[in-house]
Amino acid sequence: MADDAEKAARREKHKKRMNKILFKCWNLPDAEPFQDSSHPSTHEVRDLTSVGQNLDKGVYQHGRSGWELYAKDMGIVYNWHISRRGKHSTRAKAHLDKVVGFFSKVDPILGELVSKSKPSEDSSDGGGKNQTSSGKKRKNSEKDNTNSSPRKKNNVSSTERLTLSQREKRSMEMLATYLEECGGERSQSNNFRCMVVQRPGGRYESIFFSVENKRFKSMADVARFLNLVDDRPGSGGGSRNNSKSSNRGQKDSEKRKLKRELDKLMKLHTKAVKVLDDHCNENPVKQLPMNDVSMMDDGSNAAKAHREGRIVPSSDIEAFPGIPAHCIPDLFLVWDFLCTFCRALSLEPIELDDFAAALSFRPVNVPQASSHGDSASNIPVYLSESHIALLRLLLQDPTSDNWWWSILETPEMVEEEGEEYLNATDKKRKSAAAVVKIDMEALLAAEEDTVTTARWLLALEDVRTRKPDNTGPIKSAVRNAIAATTNQYVKSYLKKAMRKWNKKSAGLVKRAVVWLVDRVREARPDVWGRSVDVQEIAEQKKIVATEAAIEMDRIVEDADEVNDADLNLEVESDEESDFDEDEGSDNEDEYADQADNQGSPSKQLCSMTTKENDDITPVTTFVPAKPVPSLVDLLLPPGKPTLPSDLVHALTWPPVIGATSCRVLHWYKRRRNEVDDSIREFRELKPMSVAERRARESIATFRILSECANPRLCIFRILIEAAYDTYHVQQSIEDNFKARMNAIKALDAEERRAKKEAREELAAIEAAARERLSREAQETFVEKKRKEIIQNNEETGDYSAEFLEDLQDADIINFDEDTKAEYEALPTPDSFNKSEVNTIVAKIQEETAFGTSILVVLSLKEIEQREEKHLTSLQEKLESFGDLESLYQTHSADRETSAMVDKIRKEIATCIDLKQSLPQLRSNAIDALNDAIDDGTVKALRTAIKAAKVAKLTGDDVETGGIWSLDLLRDAALELKNAESRKRVTEAQKDLVAKRNKCFIRTDPLGSDRYQTCFVHFDYDKSSRVWAERDFIICKDSLDSKEDSAVLFKTPNLVSMGARDRDEDFLSLEDRDKPYGSSFLSFSRQEYHHTSEIATLAMHHWSCYTTDRSIRVLIKNLNSKNDKEKALKEVLKGTLEAMALASASSDAPPNGALLNGGSAEGTEQDKRSLPREETEFRSSGDSDVFTALKGNLSEDDAAILKGVTSAIGRRIRLRRIPNPERAPDVAQYIMGTITGWKTKIVPNEEAVNKEDFGNDKSHPPVPTPLWRMALDDGGELHITDNEVVEGLARATKWTNQHPGYIEHDAPFLSYRNNFGRFCGRQVDAPSSLTPLAFARQMLKKEQDLYMPLKNRTLENNWGGKCGSRNAWVASLKEYGHTFEAVRDGLLTLENAFFDLTGGFGTNGSSMHDDEAAEQTTESKLSGKDLLYDEVSRFDIELESLGNDVKGLWNNPDTRAIFREIISMSETVSILALGLDLICRNSQGYISRTKSSVVHQPAFEQAPSSVVGRRRAAMQRPGAYSDFF
C-alpha cells in the first residue's frame, strides 16, 4: 500500500508539472491557433485542448513513458502547422522553440523529442492535398488516392509515435513470440531484458541482455543461445528464408554504408571548394603589410618631401626661445620627471611652456653700485621649489652616500675597501692587477713539494686581510714565505715586491702578494687536497701562464733590477735570505733603502720612463683626481647634511645644489672610468695610459652631458640622473608598475570584451548574410519553377487558372518529386564561400549605416542622369495636359487639374534652380567628405554628411522603397559608424585608461612612421600637442645649394654633438682596418644614426603639431598599408577626438576660451573673436595702414620694426589678462600668425564723448583696420591696430631674447607650490632669496643663540648696556634690503659671537682683531694665502670638531679664511651658508661648555611637567632662556 501511495503521489506531482507547462504554452502570445485546431483529427493530437483532455484522462501518467508521450504530443501540435507551411507556420516555429526550452529544463532528451516529433503523413499533407486536388482535372487522381493503404500508413505513424519504453516492451513481446515459434516457451523471454537505442540516422536498434549481462544483437542470437535454432548452413526448415533475409540485410547495410561514405565525401568536397574559393578571392599576398623600405619612395607627398629634406606638414613649433634646439630632449626629460614624480617630490606641476620660460629667464641687469645678488633673488619660484625638492629627495636617500663622499675618494681608499663593497668587475680588476714582473711559466714549472707550496701560500694569505698601512705584519708574512719556499722564482718575485715596501704604506707589496697567491691557487687546484688529473693540472698551468704573460707585457721594469735578480737566483740560499731585525732597526729596511736609492744612470732613466712618462704608463685605478675644494665645500659641514637642516633652505639652496651637482658629476666620472676599463678588459685590449685617462677625465663633462648647453638644464639633468637611482623613486616606480599592470589587465579584459562583442556582432551579420543568400536562392528557385509551371500549363492545360493563382510556395516545392529534390539540393547557408558572404555583409552594413532595408549606391553621373530623367518626366507630364493657356482661358480645367499643373510647374522650377546651384555645393560636399574620411573623427564626418545631404547626394528611392546615396557618402557613413563604435569603446574604457595613466612609469611614444619619425604626447602637456622627433639627413655636400625649407639636411659636423667615441676601446689598431673591424664599428654607430656616418651622439630635429589642421594633414600623409603608420593613424585620430571633445565642452572657440577676460591693456575684451566670413579678409594691402601705425610706437619698438612694411604673415605675441579683477598682475601671452586684414566701420566714440550728454547730433562712423590672428594652439582672434604693432615688437624681442626685455607678469613668475611650499608662504616665496629675507633669518638665529652664549661668558660687550646689539638690530631693520648691509651685519655678528665665546685665549679672554692679525702675520702663510692656494686648501677645515672646543674658531687662520670668504661673496646664499657655519660652531661651543649661571634648586627639582611649562614660557621672545 505504501508503494501504491508513493506512486500515486509521484504521478500527481508529474501531472502538476505537466499542467504548468501546458499553462505556459496556453498563455504564450498569439497562441489562439494552437489552442483549438480548425482541422481536428480522431487519431492524432493537433491542439492544446486535446493535450489537456488527455492529461485529465491520465494518458501521460506512466512515469518516463508518459513524459515522452506528452512531449511528443506537444511537439505534434506545433510541427503540424510547420509542416503545412500555412499562415501560422512562422508563429508555430517561435512557439516551438519556447516549448522546447520548457521541456529541456525537465530533461534535455524531452526537448529533443519535442523538436523532432512529426505528425503522420496523412495528417500533415492530407488537408493540403484535399484542398489543392479539388481543382485538378487528372482522371486517375481518385483511383491513385484509393490505392494507398490507410492501415499501413497508420501502422507507420503509430510506430513512429512509440517511445523508447514502448519499443522495449514491444520488442520483448516479439522476442517471446519468436521463441515460441522456434519451439521454445514464452516464459524463456523473462530471463532477458531489452534496451532500445536510437542511432544518429534515426534508426532504432534493439539489444537484448541475459541475466549474466551477456549481449545479443538480435532475436536470432537469443534463439541460438537457447539452442532453439541450428546455425549450420543448409540445416532444417527455414534455412532458405533465413539465408535470403541475411543476404537482404547485408545488402541493406552495404547500401547504408556506401550512402554514409558518399555523404561524407560530398561534405568534404563542399568544404574544400569553399576553402579554395576563399583563398582565391582573398588573395593573401595583397593583404600583407608593406615594409618601410618598400614605402620609402612610393611617390607620395611625404616621400617627395623627405627626399627634399622638408617636413610635411610644416610644424607649428620648432623650439623655445633661449633653449637650443639640441637641448629639447633634456628639456623634456627634466620636465617630464618633475611632473611624473610630483607627488614624491611634493612639487606642483607646471606647463611645458612656463618651464622653458623659467629656464631661459634672465632678469634685467641692475647697476652694481645699488645692490648685489639681485640675479639670485630674481630666480623664478618654480626653479627654487624644484631644486629644493630634488635636494631633499637626494639627501634623504641612503644611495646619496655613494656620491657625496666621492670627491674625497683616493686610490688608497679604494685599496683599503673590503671586497664585499666591490662588484664582480672591480674584484677581478683588483685581484688581477700585477705590479711586479715574473716568468709565471717558469715559476709553475719549478718542482716543489705540495706541502711546502701550501705552507708558503698560507703564510702569504695573512697579507690579504691586512690594511696597507699595517706594514709590520705584511713584512713578516713575506719574510716567512721566503723562508718556507724552495722555489727560487717565488723568492725572487717576493724580494722584488719588497723593494716597493715603505714604512708608511705597503699597498704595492700587498697587491703583488695577493696577485701571486691568486694565480698559484688558480694554477694548482691540487694543493688544497683535491684529486685532480695530472693532465688537467698541466692545462690549467698553461692557461694561467698565458694570462700572466699578457699582464707582464704591460709592466716596464728596470734592467739593472732584472739582472740583479738573475745573478742572485742560483747562489742565494735560504740562510742568506733571512732578515736581521736588529740590523733593520738602524736602517728602516734594506728594501726601503733600495727603493729610495737612485741607482745607476740607466736605472734612473728607466725609472723616469716608468713614473714620469704618462704616455706609456698604464693606469692602475679608476678613481679620478680629487677636485680642489670650493668655497662652498669649505662652508659646508664635514658630513652629509641631514634633514631637517638649514642647509636645505630657500636661502642656501643655490650653492648646496652646486656642491651636490659637482659630487654627482665626480661620481659619474668614476663610473665612466670603470666602464672604459671594463670594455677594454672584455675586448682583451691593452689598458689605457695615465695620459689617456687624464684626457678622458678632462672631457668627461661633455661625455656625460652631451646634449646640454643651458647651465640650469645641466644641473637639473645631473640631479635627476641621481634621483633615478634613489630608493624612493625606485619604490615609486615599482608600486606604479604593479598598479599599472593591474590596470592594464583590467583594460585588456575590457578590450577583449569589446572585441568579443564586435566578433559576435560580425558573426551575427555573417549568419544573417548566409540566411539572406539562402533565402534569395530559394526565392529565385520558387519564382523560376512558378514560371515553368505556368509555361507548361499553357501547353498542357492540366491546371485551372484559379489553381495557379492560389499556388503557394510550399505547393510549388512539393509539386512533384523532381522539384522537391531540386529544392532540397539548393545551397544551405553554410555552403556559400567567403567572398559571397563578405559581399552581402558589406551590403547589410551599408543598409544599417543608413537605417534602411534597401540601399541603392549610385555614382555622381548616375545621380545627374536620374535628375535629368526626372525633369524630363515632369516636362512630359506637363505637356500631356495640352495647351495650358487655352485651358486656363476657357476655364475648362477643374480645380484638381489646376492644382496638379501648378504643382508640376513648381517642381520643374525647383529642379532647374537646383541644377544650377547643386554642382558647386556637391563639389564642396565631396571635398569635405574626402577630408572627413581621411580625418576619421565623428565631428568631421557628421559635418560632412550633413553638407552632403544639403547638396542632395542622398534621398528616398521611390522604385525600391529604400534610400539611394552617393558612393562616397556611403563610405563616409561606414567610416562614421566605425568612428562611433571606437568612441563608444573609448568612453567605456575612459575610467580604466585614466587609472592606467595615473600609474605612470614613463612616457611611451604614440608610434613611428616609415622614416623612423617618433611621435610623442606628454600627459602633462596640452592635449592638442603632438611632438615629432626626426633624424637629420646627413648630406656630405655643401648646404649652400639647398633650399631654406630643407631643414632636415645637415652635414656630419652639424649633426654631431658631445665627445667622440674612442675606437680603441672596441678594437685594436691592427683590427680597425680589417673588414670585420669596420663592419663592427659601422654596426655600433647605428645607435647614433642609422647611416653609421658619425661616431658621436646625433642631434635630432624636434617639432610640434598643435592645431587640428596640422594633425589632419599629418594623418592624411600616413599610409595604412604600413603597420606602424596604420597604428599611428588610429592613435592620432584619438587625439583629434580628444581635441574635438575639448572644443565642444567650451562655449568659446577652440583654445580661445581662456582669452575671455581682458584686453591688451587690461580692459574688458571686445567682441571681435566672432564667426566671420573668410572672404571678408584680404591677404595683402595693409602696408600704408601698418606704416602709419608704427609712428605711435616708442623709439626702441620702432627701431625693431624698422624694416617691416606689412603685418601679414608675421609672428605676433599677444598679451591678455584672463582675470583683470582678481589677478590684474598675471597676464597670458599667446603666439600666433597674422593671416589677413580688413577695414571695419565702427562708431566714432571719441566724438561722442566730447559732446554733451543728450545731444542728438549724429557722428559719422570711422573706418578701423582689423587683423586676423591664427593662434598656434588652434582658433582665431580679431585684433586691433595697437595690438598688432605691439604684438609684433613683443614677438621679435621674445624670439631674439632682446637685452632688457622681460615679461614681469608672465604666468611662471606667479607660480606657487601648494604641495611643498619650500620657499615659505605664498607671499614670501618670490623674495625668499633677497637680502631682506636673510636679514630676518640672521635676526632669528642671533636671538636663539645670544642667551646661551651670554650665560657662558663673564664679559659681554655685545648686549646689555653696551648697546651694540640694539644698534645692529636697528641697522638690519632699516638697511636690511641692501646686500652690503646684511654682509656687514654678518661680519659684525661673527665678531660678536667670537667675543662671546672667548676668542682664542685659553683663560677666556678675547683675542681681538689686531692680535689675531699679528699672529697670522707671524705664520708661514696667512689665511688668505691658504684660501687661494690649491694645495693648502685641501687641509682647511672651518668646522669646530672634537670635544675640546674652546671658541668659535679653532685658530686664527680659520677665522681669517671665513672672513675673507664672506667679504668677497656677492650672493645672499653664500652669506646664508656662512651664517649656518657660525651657528653650528656656536652650537658646538654651547654643547661642550658649561653655563656660568647657577640655576635655583627649586627649578632643578621641579617635576618634569612643570619644567616643560617653564621652558615653554621662557622660550618666548625677550624671556631668559638657556637651551642646554
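Here the residue numbering is sequential within each chain, running from 1 through the sequence in written order. The predicted nature of this model means local features are confined to residues of pLDDT at least 70 and side-chain atom pairs, given and counted, to a pLDDT of 80 or more, with totals for whole chains, interfaces and linings taken over all residues. Side-chain calculation: all heavy atoms of the structure are included, whereas hydrogens and water are not.

## So, the nonpolar core
Okay, step 1: For this analysis, a nonpolar core means a set of buried residues of the types Ala, Val, Leu, Ile, Met, Phe, Trp, Tyr and Cys, connected via side-chain atoms within 4.5 Å. Whether a residue is buried, partly exposed or exposed follows from its accessible area with a 1.4 Å probe, protein chains only, as a fraction of its type maximum: under 20%, in between, or over 50%, in that order. In terms of nonpolar packing, the biggest core is built from 121 residues, with F337, L338, F355, L390, W1027, F1334 and L1438 touching the most fellow members.
Okay, step 2: The residues touching L338, leaving out its near neighbours within four places in the chain, are L345, L347, F355, Y382, S386, L390 and F716.
Okay, step 3: Listed in part, the 39 residues of the second largest apolar core include V436, V463, V509 and V513. In what follows, a contact means two residues having at least one pair of non-hydrogen atoms within 4.5 Å.

## Brief notes about the confidence of the model for the protein chain
Okay, step 1: This prediction gives the protein chain a mean pLDDT of 76; 78% of its residues lie at or above 70.
Okay, step 2: Confidence of the predictor at the level of single residues is given by pLDDT, which spans 0 to 100. Overall, residues 232-241 carries pLDDT values under 50, and its contacts beyond four positions in sequence, including any with other chains, amount to two contacts.
Okay, step 3: pLDDT under 50 marks residues 366-374. Its contacts with residues more than four places away, or in other chains, come to ten contacts.

## Here's the deal with the pairing of strand β9 (residues 1026-1031)
A regular strand places its side chains on the two faces of the sheet in alternate fashion.
Okay, step 1: The pairing of strand β8 (residues 1014-1016) with β9 spans three bridges and is classified as antiparallel. In the strand pairing of β9, F1015 is matched with A1028. Here a strand pair is declared whenever DSSP counts at least two bridges between the two strands. Strands here are runs of E lasting at least two residues and helices are runs of H or I lasting at least four, both read from the DSSP assignment and numbered beginning at the N terminus.

## Some points on the pattern of salt bridges
Okay, step 1: Salt bridges are defined as contacts in which a side-chain nitrogen from Lys or Arg sits within 4 Å of a carboxyl oxygen from Asp or Glu. Under the defined criterion, the tally for this structure stands at 46 salt bridges.
Okay, step 2: For E721, the salt bridge identified is with R717, shortest N-O distance 3.0 Å. With E721 and R717 both in helix α37 (residues 711-723) and four residues apart, the pair spans about one turn of that helix.
Okay, step 3: A salt bridge links E1439 to R1480, with the nearest nitrogen and oxygen atoms 2.9 Å apart. In this pair, E1439 is assigned in the loop between α62 (1423-1428) and α63 (1452-1464) and R1480 in helix α64 (residues 1468-1487), connecting sequence segments 41 residues apart. For the residue pair E1439 and R1480, the accessibility class agrees, reading buried in each case.
Okay, step 4: Overlapping salt bridges bring together D353, D1021, K1022 and R1025 as one network.

## Regarding the pairing of strand β2 (residues 204-210)
Okay, step 1: A large share of β2 lies buried, amounting to five of its seven residues.
Okay, step 2: For strand β1 (residues 192-198) and β2, the ladder comprises seven bridges, and the chain directions are antiparallel. Pairing of R193 across the sheet is with F209, part of β2.
Okay, step 3: Two strands pair when backbone bridges link them, and β2 and strand β3 (residues 215-216) are joined in this way by two bridges, in the antiparallel orientation. Its bridge partner being in β3, F208 is matched across the sheet by F216.

## With respect to a positive patch on the surface
Okay, step 1: There is a patch of like positive charges on the surface, built from K13, K16, R17, K20, K24 and K105.
Okay, step 2: Of all the elements, helix α1 (residues 2-26) adds the most residues to the positive patch, at five residues.
Okay, step 3: Mapped onto the fold, K13 is located in helix α1. Patch definition: residues above 30% relative accessible area lacking any salt bridge, with like charges linked at up to 9 Å and the nonpolar side chains Val, Leu, Ile, Met, Phe, Trp and Tyr linked at up to 5 Å. With residues, only the protein chains shown are counted as cover, and all accessible areas are computed by Shrake-Rupley using a 1.4 Å probe. Residues scored as positive are Lys and Arg, those scored as negative are Asp and Glu, and His as well as the terminal groups of each chain are ignored. Lys charges are placed at NZ, Arg charges at CZ, Asp charges at CG and Glu charges at CD.

## Let's talk about the packing of helix α19 (residues 381-396) against α37
Okay, step 1: For helices, the fitted axis covers only the stretch in contact; all axes are lines through C-alpha atoms, and the angles between them, taken along N-to-C directions, range from 0 to 180 degrees. At their nearest, the axes of α19 and α37 sit 10 Å apart, and the two run at 30 degrees to each other. Relative to α37, the element α19 lies roughly parallel. Where α19 crosses over α37, the handedness of that crossing is left-handed. The residues of α37 that touch α19, namely those facing L383, S386, H387, L390, L393 and L394, are R712, I715, F716, L719, I720, A722 and A723.
Okay, step 2: Only Asp, Glu, Lys and Arg are considered charged, only Ala, Val, Leu, Ile, Met, Phe, Trp, Tyr, Cys and Pro nonpolar, and every remaining residue, Gly among them, polar. Residue composition of the contact of α19 with α37, grouped by class: ten nonpolar, two polar and one charged. Any angle that falls under 35 degrees is termed roughly parallel, while one over 145 is termed roughly antiparallel, one within 65 to 115 roughly perpendicular, and all others oblique. It is the rotation of the near helix from the far one that decides the hand of a crossing: anticlockwise by less than a right angle makes it left-handed, clockwise makes it right-handed.

## Considerations on the packing of aromatic side chains
Okay, step 1: Pairing of aromatic rings covers Phe, Tyr and the six-membered ring of Trp, with a centre-to-centre limit of 6.5 Å; geometry is then stacked below 30 degrees between planes, edge-to-face above 60, and tilted otherwise. This model, assessed by the stated rule, comprises 27 aromatic pairs.
Okay, step 2: Both rings, one in Y799 and one in F815, keep their centres 5.5 Å apart while their planes meet at 65 degrees; by these two values the pair is edge-to-face. You can see Y799 sitting in the loop between α38 (727-796) and α39 (801-805) and its partner F815 sitting in the loop between α40 (809-813) and α41 (817-824), a full 16 residues away along the chain.
Okay, step 3: Here Y799 falls in the buried class, since its relative accessible area comes to 13%.
Okay, step 4: Residue class for F815 comes out partly exposed when judged on its relative accessible area of 26%.

## Some words on the environment of E448
Okay, step 1: Structurally, E448 is set in the loop between α23 (440-445) and α24 (450-464).
Okay, step 2: Given a relative accessible area of 15%, E448 falls into the buried group.
Okay, step 3: Expressed as a C-alpha distance, the spacing of E448 and N487, which sit 39 residues apart in the sequence, is 6.5 Å.
Okay, step 4: Beyond its immediate stretch of four places on either side in the chain, E448 contacts T453, W456, T485, T486 and N487.
Okay, step 5: Here a polar contact means two N or O atoms within 3.5 Å. Within protein one must be a hydrogen donor candidate and the other an acceptor candidate, and residues neighboring in sequence count only if both atoms are side-chain atoms. There is a polar contact of 3.0 Å between the side chain of E448 and the backbone nitrogen of T486.

## Things to note about the sheet that holds β2
Within a sheet, neighbouring strands are paired by backbone hydrogen bonds and run either parallel or antiparallel to one another.
Okay, step 1: The strand order β1-β2-β3 describes an open sheet built from three strands, whose pairing is antiparallel. A strand with exactly one partner marks an edge of an open sheet, and here the two such strands are β1 and β3.

## A few points about helix α58 (residues 1331-1350)
Okay, step 1: Helix span, expected: 1.5 Å multiplied by one less than the number of residues in the helix. With 20 residues, α58 should cover 28 Å at 1.5 Å per step; its first-to-last C-alpha distance of 27 Å lies within 8% of that length.
Okay, step 2: Along α58, the largest kink reaches about 25 degrees and is centred on D1344; proline P1348 follows within four residues of it. In this analysis the local bend is the angle between axes fitted, respectively, to the seven residues ending at and the seven residues starting at the residue.

## Structural notes on the sheet that holds strand β14 (residues 1100-1105)
Okay, step 1: Spatial ordering of the open sheet is given by β7-β8-β9-β14, a layout of four strands whose pairing is antiparallel. Edge strands, defined here as strands with exactly one partner in the open sheet, are β7 (1007-1008) and β14.

## What to know about a negative patch on the surface
Okay, step 1: A cluster of acidic residues, D816, E817, D818 and E824, forms a negative patch at the surface.
Okay, step 2: As for its position among the elements, D818 is in helix α41.

## A closer look at unusual backbone geometry
Okay, step 1: L643 connects to P644 through a cis peptide bond whose omega is 0 degrees.
Okay, step 2: Position of P644 relative to the elements: it lies in the loop between α33 (631-635) and α34 (653-682).
Okay, step 3: If you check the backbone angles, N213 has positive phi at about 60 degrees while not being a glycine.
Okay, step 4: Inspection of the secondary structure assignment puts N213 in the loop between β2 and β3.
Okay, step 5: According to the relative accessible area criterion, N213 is exposed, its value standing at 53%.

## Looking at the environment of E536
Okay, step 1: Tracing the sequence through the fold places E536 in helix α28 (residues 534-552).
Okay, step 2: Considering only alpha carbons, one finds E536 and A523, 13 residues apart in sequence, at a separation of 9.9 Å.

## Focus on the state of the cysteines
Okay, step 1: We call a pair of cysteine sulfur atoms a disulfide whenever their separation is within 2.5 Å. As enumerated under the stated definition, the model contains zero disulfides in all.
Okay, step 2: Unpaired in terms of disulfides, C342 finds its nearest cysteine sulfur in C339, a separation of 7.1 Å.
Okay, step 3: Residue C342 is classed as buried on the basis of its relative accessible area, which comes to 6%.

## Quick notes on the packing of α58 against helix α59 (residues 1364-1375)
Okay, step 1: One way to put it is that α58 packs onto α59 with a least axis distance of 11 Å and a crossing angle of 160 degrees. The angle between α58 and α59 falls in the class roughly antiparallel. For the element pair α58 and α59, the recorded crossing hand is left-handed. The residues of α59 that touch α58, namely those facing M1338, L1339, E1342, Q1343 and Y1346, are R1365, W1368, V1369, L1372 and K1373.
Okay, step 2: Residues that form the contact of α58 with α59 fall into these classes: six nonpolar, one polar and three charged.

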